[in-house]
Amino acid sequence: MDEIVINGGEILNGRILISGAKNAALPALAAAIMAPGVTALTNIPDVKDVRVMSELLTQLGAEIDRVTDTFRVNASDITSFEAPYNLVRTMRASVLLLGPLLSRLGKARVSLPGGCAIGNRPIDIHLKAFSKMGAEVELRHGMIDIRADKLTGGILVLDFPTVTGTENIMMAAVKADDVTEIHNAAMEPEIVNLADMLNSMGAEIEGAGTDRIVVHPVKSLNACEHRIIPDRIEAGTFAAAAAITAGCIQICNVIPGHLTSLLSKLDQAGVSIAVEKDRILVQGVPGPKAVDIQTAVYPGYPTDLQAQFMALMCLADGESVITETIFENRFMHVAELIRMGADITIRGRAAIVRGVDNLLGSEVMATDLRASASLVLAGLAAQGRTRVLRVYHLDRGYENLVGKMQSMGADIQRIPGRKP
Ligand code: EPU
């Protein structure tokens, strides 16, 4: 298996172009099967999860033509309603096909995703909403089977503002018999990007980006053209890279308003931030101040940038408390950071991070995407050589991370593994 080798200590400087957001591209690709014809999606990132979603769409009967970051999805013939386990087990976001399949075919069979490295992650809220809309939901032999000749709409109050749950319900509701109101909806920018796409397809959705989304039903949808928003988590990871190496990075093709909570925390840590229309200039300082964070739903501090901020706090001046409220098991990077010399204690959902003078290069591995990114960041700042194993986690969600880091002066390489 491939690994990433980093010789720490280089200061990152330069300009970086942010790719399209993985978590906006995945629901957009799923939504492309909701209307016959060819939907063109641009700014799709070249990451593994996108390849898995493309493979799923192909298995459902769609034809995909990809030229660089543009995907043309021909969904004229959707011949299957089943997403098989061999693909679903590699990517939980496969559940995003439930809403589109229900809307297009009135039935969906998607393998039940198992637990994952960052927690149990049930999808009960999605399924409860489908039932409330009149669908028959059955769980059998590890499959979720949903059928609905008609979806009825109604008022749905979510127990938690789940991101993919809100997306699934929005997609299912577009052609329901009546108006659907989603209360306590997720407000992430990816929800707004999906609602914009659905509206371009002919849907009538109001309120995306607030906690109350209203979906007025329409009879049919058409193919559309749609652009994926920039990846705020990739941008945040590069902002953390500038901060942890005391470098200066101009982060381009980004929507700064999507990163307000991170930028405010970096500012409190003493990092200098300058925001322009679609650019952020981040200038790190040696020995940033310790700052507490608590993850929350948008616009709060994103759980997907918790591990990266923790890497920075490992080298801060003082003690910070990092509290994870979204996922129950998202501290898998802590043990690895400790191997690199970090001083961290976990107390329930909080990690107490006492800043140290130096991290030491080590052999580390992580079990999820963002944890792996935090280990790369720690490796950039550590003394000596760090080997990050299990690189496939990073491939799931970062486009050309190594190349982008190299272009800013990092001494980082991907070493191909020996074929078994
Ligand atoms: N939850 C339930 N029941 C449900 C749905 C969610 O209990 O039916 C719980 C989850 O177990 C979790 C919390 O609610 O504790 C939040 O889960 P949510 O459903 O909002 O997460 P998600 O939709 O599965 C998306 C992103 C994640 C990101 C989270 C939180 C996609 C494809 N994935 O997941 O991205 O961490 O929202 O913002 O959009 C990543 O990119 O690394 C990643 C994990």
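Quick word on the overall build of the protein
Then, in step 1: When you go through the protein residue by residue, the secondary structure sums to 14 helices and 24 strands.
Then, in step 2: Relative to the 2.2 N^0.38 estimate, which gives 22 Å for 420 residues, the radius of gyration of the protein is 21 Å and therefore close to what a compact globule would have.
Then, in step 3: Taking the principal axes of its C-alpha atoms as reference, the protein extends roughly 65 × 45 × 45 Å.
Then, in step 4: Buried residues in the protein amount to 55% of all 420 residues.
Then, in step 5: Residue pairs in contact within the protein that sit at least 24 positions apart in sequence constitute 72% of those at least 6 positions apart.
Then, in step 6: In the structure as shown, the protein presents an accessible area of about 16,500 Å², 49% of it carried by carbon and sulfur atoms.
Then, in step 7: Considering the protein, the positive charge centre built from 40 side chains and the negative charge centre built from 47 side chains are found 3 Å apart.

So, helix α6 (residues 163–173)
An α-helical turn contains 3.6 residues, so any two residues separated by three or four positions project in the same direction.
Then, in step 1: For α6, a buried count of 9 out of 11 residues is recorded, marking the element as mostly surrounded by other parts of the structure.
Then, in step 2: Among the residues of α6, Gly165, Thr166, Glu167, Asn168, Ile169, Met170, Met171, Ala172 and Ala173 are the ones counted as buried.
Then, in step 3: Its side-chain oxygen placed 3.0 Å from the backbone nitrogen of Gly165, Thr162 serves as the N-cap of α6.

Section: the sheet that holds strand β20 (residues 343–347)
Then, in step 1: Read from one edge to the other, the open sheet built from 4 strands follows the order β18-β19-β21-β20, with strand pairing classed as mixed. One side of each edge strand has no neighbouring strand; the edge strands of this open sheet are β18 (293–294) and β20.
Then, in step 2: Here 5 bridges tie strand β19 (residues 319–323) to strand β21 (residues 350–354), and the two strands are oriented antiparallel to one another. What sits directly across from Ser320, in β21, is Val353.

Some remarks on the domain arrangement of the protein
Then, in step 1: Domain parsing of the protein yields domain 1 (3–19 + 230–415) and domain 2 (22–227).
Then, in step 2: Centre-to-centre separation of domain 1 and domain 2, based on C-alpha positions: 30 Å.
Then, in step 3: The interface is formed by 25 residues belonging to domain 1 together with 20 residues belonging to domain 2.
Then, in step 4: Interface of domain 1 and domain 2: buried area, both sides summed, is about 1,800 Å²; carbon and sulfur atoms make up 55% of it.
Then, in step 5: Viewed at the interface, domain 2 and domain 1 are joined by 2 salt bridges.
Then, in step 6: Notably, a salt bridge pairs Asp49 with Arg396, separated by 3.0 Å at the nearest N-O pair.
Then, in step 7: At the surface where domain 1 touches domain 2, the tally comes to 6 residue pairs in polar contact (both at pLDDT 80 or more).
Then, in step 8: Breaking the side of domain 1 that touches domain 2 down by element, the ones donating at least two residues are α12 (369–381) and α13 (392–397).
Then, in step 9: Broken down by element, the side of domain 1 that touches domain 2 gets its largest block of residues, 3 residues, from α13.
Then, in step 10: Split by residue class, the side of domain 1 that touches domain 2 holds 9 nonpolar, 6 polar and 10 charged.

Some points on the layout of surface pockets
Then, in step 1: Roughly 280 Å³ of volume is contained in the second largest pocket.
Then, in step 2: Lining the second largest pocket are 21 residues, and of these Ile244, Thr245, Ala246, Leu315 and Ala381 lie nearest its centre.
Then, in step 3: Counting residues per element, the ones that place at least two in the lining of the second largest pocket are α8 (232–244) and α12.

Regarding the packing of aromatic side chains
Then, in step 1: Going through the model one piece at a time under the given rule, you end up with 1 aromatic pair.
Then, in step 2: On the basis of an interplanar angle of 70° and a centroid distance of 5.9 Å, the ring pair of Tyr301 and Phe309 is categorised as edge-to-face. We note that Tyr301, like Phe309, is buried.

Topic: the pattern of salt bridges
Then, in step 1: Tallying each qualifying case throughout the model produces 21 salt bridges.
Then, in step 2: Two residues, Glu3 and Arg387, come together in a salt bridge whose shortest N-O distance is 2.5 Å. Taken together, the residues span a long stretch of sequence, with Glu3 in strand β1 (residues 3–7) and Arg387 in strand β23 (residues 385–389) at a distance of 384 residues.
Then, in step 3: Given a relative accessible area of 14%, Glu3 falls into the buried group.

What to know about the packing of helix α10 (residues 306–313) against helix α11 (residues 332–339)
To describe two helices that pack against each other, one gives the angle between their axes and the distance between the axes.
Then, in step 1: Viewed as axis vectors pointing N to C, α10 and α11 meet at an angle of 25°, and their least axial separation amounts to 11 Å. Comparing the axis directions of α10 and α11 gives the class roughly parallel. Seen along the crossing, α10 lies across α11 with a hand that is right-handed. Residues Gln306, Ala307, Met310 and Ala311 of α10 lie in contact with α11, whose contacting residues are His333, Val334 and Leu337.

Let's talk about helix α1 (residues 22–31)
Then, in step 1: Here α1 lies mainly inside the structure; 9 of its 10 residues are buried.
Then, in step 2: Among the residues of α1, those classed as buried are Lys22, Ala24, Ala25, Leu26, Pro27, Ala28, Leu29, Ala30 and Ala31.

A word on the environment of Pro189
Then, in step 1: With respect to the secondary-structure elements, Pro189 resides in helix α7 (residues 189–200).
Then, in step 2: Classification of Pro189 as buried rests on a relative accessible area of 5%.
Then, in step 3: Each C-alpha atom, one on Pro189 and one on Pro230, is 10.0 Å from the other, the two residues being 41 residues apart in sequence.
Then, in step 4: Those residues in contact with Pro189, other than ones at most four positions away along the chain, are Ile229, Arg232, His258 and Tyr298.

Rules behind the numbers
Residues numbered from 1 in each chain as written. Predicted model: local features only at pLDDT ≥ 70, side-chain atom pairs only at ≥ 80, totals over all residues. Heavy atoms only, no water. Helix = DSSP H or I, 4+ residues; strand = E, 2+ residues; numbered from the N terminus. Rg over C-alpha atoms; globule rule 2.2 N^0.38 Å. Buried < 20%, exposed > 50% of the residue type's maximum accessible area, 1.4 Å probe, protein only. Contact = heavy atoms within 4.5 Å. Areas by Shrake-Rupley, 256 points an atom, 1.4 Å probe, with all protein chains shown as cover. Lys, Arg positive; Asp, Glu negative; His and termini not counted. Charge placed at Lys NZ, Arg CZ, Asp CG, Glu CD. Polar contact = N/O pair within 3.5 Å; in protein donor to acceptor, adjacent residues only side chain to side chain. Pairing = 2+ DSSP bridges. Domains from an automatic or database assignment. Buried area = accessible area lost by both parts, 1.4 Å probe. Salt bridge = Lys/Arg side-chain N within 4 Å of Asp/Glu carboxyl O. Nonpolar A, V, L, I, M, F, W, Y, C, P; charged D, E, K, R; others polar. 1 Å grid on protein atoms, 1.4 Å probe; cavity = no way out; pocket = protein on both sides within 12 Å on 5 of 7 lines; lining within 4 Å. Points joined across faces, edges and corners; volume = space filled by probe spheres on them. Phe/Tyr/Trp six-rings, centres within 6.5 Å; stacked < 30°, edge-to-face > 60°. Axes fitted to C-alpha atoms, helices over the stretch in contact; angles between N-to-C directions. Parallel < 35°, antiparallel > 145°, perpendicular 65-115°, else oblique. Left-handed = near helix turned anticlockwise from the far one by under 90°.

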